[in-house]
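Coordinate analysis (summary)
As a plain string of letters, each chain reads:
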Amino acid sequence: MKSPFRPFLLSSVSRKLKALVLTSNTRTARVFLVGIELKSRTAANVRESLDELEELAETAGAQIICEGIQKMAAPIAATYIGPGKAQEFATQARANDVDTIIFDDELSPAQTRNLEKIFACKIMDRTALILEIFGQRARTREGKLQIEHAQLKYLLPRLTRYWSHLSRQRGSTGSIGGEGESQLEADRRKLSERIEKIESELEKVVRQRETQRAGRQRSEWPLASIVGYTNAGKSTLLNALTGSAVLAEDKLFATLDPTTRRLRLPTNQNVLLTDTVGFIKKLPHGLVEAFKATLEEVVQADLLLHVVDISHPQAEEQIQAVNSVLAEIGASNKSTLMVFNKMDRLNGNGALNRLQEKFPHAVGISAMTGEGISNLLAEIGTQLRPKREFLEVRVPHGESAVIARLHAVGEVVSRSYRGTKAKFKVRIPPHHLDEFAAYIVRAA
Ligand SMILES: Nc1nc2c(ncn2[C@@H]2O[C@H](COP(=O)(O)OP(=O)(O)OP(=O)(O)O)[C@@H](O)[C@H]2O)c(=O)[nH]1
Ligand SMILES: [Mg+2]
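If you're wondering where the values come from, they're calculated on a predicted model, not measured in any experiment.

1. Considerations on the sheet that holds strand S9 (residues 336-341)
The strand order across the open sheet built from six strands is S6-S7-S5-S8-S9-S10, with neighbouring strands paired in mixed fashion. The strands lining the two open edges of the sheet, one partner per strand, are strand S6 (259-264) and strand S10 (363-364). As paired strands, S9 and S10 are joined by two bridges and run parallel to one another. When the bridges of S10 are listed, Val339 appears paired with Val363. Where helix H12 (residues 315-328) meets the sheet, its contacts fall on strand S5 (223-228), strand S8 (303-309) and S9, and the angle it forms with S8 comes to roughly 150°. Its contacts with the sheet place helix H14 (residues 373-384) against S6, strand S7 (270-275), S8, S9 and S10, and it is angled at close to 170° to S9.

Shown next as C-alpha cells:
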C-alpha cells in the first residue's frame, strides 16, 4: 500500500471551513469498490470500468479489500444499488475492516447520505476519487485553484452530511457555538463566497494566459497539442520529441499542468508542442469545466496529436472517451493526427489491424524506444505545411518596417535585394496575408 489518502487540498479556505471539509476526509486506506451491471452495459464493460476504478484508487494511495457488482435494470433513486444488496455489502465491509466504499458512478447527494447511514463509513464516488487524485497532484497555483473550485462545487450540495459530523464535534468541545440550520447556512455561504473568489482569480489567470498566447501568436509558430487518455504516453512523447524532461510515470494523471516546448521539425519549421492533462472515461463534468483554461491550449491548437496506448485492451473505448471530452471543450473539428503509441508492447496484431482500418492515417510509434518518431515528425510537417502559404513578395527598399514584419511573422526561404524592390520567397500564415496584400506578386 502507498500512502493513505490525504485530505482535500484546500490551501486558503478559512480554518473553520477547512475543519468542515476535513471531517469528510477521514482516513481512506481500506476500500470496497462497487459497480452495477445495467442492461446498457455488458459484464465486460463493468469489469473494465472497475479495473480502472481500482487503478484510480491505488493511484490515490488506497488498498482494495473487496469488490461487489450488482446486476440491475436501473439504479435505485434512494440508494443507487438495491437496499438489500447494500446491507449485504455493508456486512461484508464491516467484517473486513473497510473504511471507505467507492462507487463507480456519480452518486447524488441524497444517495450518498442514505448509503452512509447503511454502511456507517465514508462513501465516495468515481468523481470524488478523481477529484482526490487531482487534488493530490496539483502543483501550480492555477492547477490548485482549478481543483479547489471543482471540489467545492462538488461539496456544496453535499454539505449536510459533513455538517452532522461537525455538529457532534463542536458539541463535544463546545468551543464553537451555534448549532443547527443557521450554522449550516453560514457554512454554505462561506463555501459559495470562496467559490466566487476562486472564479475571479481564475479569470485573472485566463487573462494572463491570453496575453501569453497573443505573444506567442506574434512569434507565429503553429501550435500542436498532445491529447489522449491518461497514461497513454503523452509526456513521454513530448520528451522524446523535444528532448525535455517532463515527468512521465506509470500512474493515472501524472500530468495536470500544461507544458509547452519548442519542436524544430526536420524541415526547419518551428512548432510549439503542448503536453496536457490526460482524459478518462466518466471524467467529472465539473472538472472539465474547471480545466477549461488549461485545455484552452487544445482549443487553440492548429493540430492535435491524439496519442493512443495501442497495447491497451480498451484502446478503442479510450479513443472514444477522448473524443467525447474533445467535443465537450469544442475541439472536435480540429485536424488530428492519430498516434498509436507503445508499439513495442504489442503482442499479436489483432487490435492494431482493426484500429488501423478505422484510422488509416495513424502513425505507429514507440515513444519509449524511438521507433517511428521520424515518420511522426515528417507527418507533423506535412499536416502543418498547408497552414502557411508559400509566396513571392516584393517590397520597396525604403519600407523597412514591412520587411522586418515579414521576417517576424513569416518563414523567409530566400531573399534578394537587387533591383528597385527587395524580393522574398516566404511562407506566411493565412491570417497575416492581409498585411502583405499590396506586396504579394504570386505563389512561389
Ligand atoms: N512500453 C512502453 N511504455 C511507454 C511508452 N510510452 C510511454 N510509456 C510508459 O507509459 C507510462 C505512462 O507514460 P506517460 O508519458 O506518463 O503518460 P501520459 O499520457 O503523460 O499520462 P498522464 O500524464 O498520467 O495522463 C510510463 O510508465 C511510460 O514509461 C512506449 O512507447 N512503450
Ligand atoms: Mg503526462
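2. A word on the sheet that holds strand S13 (residues 421-428)
The strand order across the open sheet built from four strands is S12-S13-S11-S14, with neighbouring strands paired in antiparallel fashion. Two strands bound the open sheet, and with one partner strand each, they are strand S12 (411-416) and strand S14 (440-443). If you compare each strand with its neighbour and ignore which way they point, the axes differ by 25° on average. Along the sheet, helix H15 (residues 400-409) contacts strand S11 (389-396), S12 and S13; its crossing angle with S13, the most-contacted strand, is approximately 25°.

3. Considerations on the side chain of Gln314
With respect to the element layout, Gln314 can be found in the loop between S8 and H12. The class for Gln314 is buried, based on a relative accessible area of 7%. A distance of 3.1 Å separates polar atoms of two side chains, one belonging to Gln314 and the other to Lys281. Excluding anything up to four places from it in sequence, Gln314 contacts Glu48 and Lys281.

4. Structural notes on unusual backbone geometry
When glycine is set aside, most residues are seen to have a negative phi, and most peptide bonds are trans. The backbone phi angle of Asp97 is positive, close to 60°, even though this residue is not glycine. We classify Asp97 as exposed; its relative accessible area is 56%. Positive phi outside glycine occurs at Ala120, with the angle close to 55°. Structurally, the position occupied by Ala120 is in the loop between helix H4 (109-119) and strand S4 (122-125). Exposure remark for Ala120: the relative accessible area of 63% places this residue in the exposed category.

5. Some words on the site of ligand 1
The environment of ligand 1 is made up of 23 residues, and the closest members are Lys234, Thr236, Ala254, Thr255 and Asp344. With respect to ligand 1, the side chain of Thr230 contributes an N or O atom lying 3.0 Å from an oxygen atom. The backbone of Met368 places a nitrogen or oxygen atom 3.2 Å from an oxygen atom of ligand 1. If ligand 1 stood free it would expose 650 Å²; the protein chains cover 92% of that surface. Taking a 2 Å distance to the grid points as the criterion, the majority of the atoms of ligand 1 fall inside the second largest pocket. In terms of residue count, the dominant contributor to the shell around ligand 1 is helix H9 (residues 234-242) (three residues). Among the residues making up the shell around ligand 1, the classes are represented as seven nonpolar, nine polar and seven charged.

What counts, and at which threshold
Residues numbered from 1 in each chain as written. Chains lettered and ligands numbered in written order. Predicted model: local features only at pLDDT ≥ 70, side-chain atom pairs only at ≥ 80, totals over all residues. Heavy atoms only, no water. Pairing = 2+ DSSP bridges. Helix = DSSP H or I, 4+ residues; strand = E, 2+ residues; numbered from the N terminus. Contact = heavy atoms within 4.5 Å. Axes fitted to C-alpha atoms, helices over the stretch in contact; angles between N-to-C directions. Buried < 20%, exposed > 50% of the residue type's maximum accessible area, 1.4 Å probe, protein only. Polar contact = N/O pair within 3.5 Å; in protein donor to acceptor, adjacent residues only side chain to side chain. Near = heavy atom within 4 Å. Areas by Shrake-Rupley, 256 points an atom, 1.4 Å probe, with all protein chains shown as cover. 1 Å grid on protein atoms, 1.4 Å probe; cavity = no way out; pocket = protein on both sides within 12 Å on 5 of 7 lines; lining within 4 Å. Sits in = over half its atoms within 2 Å of the grid points. Nonpolar A, V, L, I, M, F, W, Y, C, P; charged D, E, K, R; others polar.

So, to be careful, I would describe these as geometric facts and stop short of saying anything about function.
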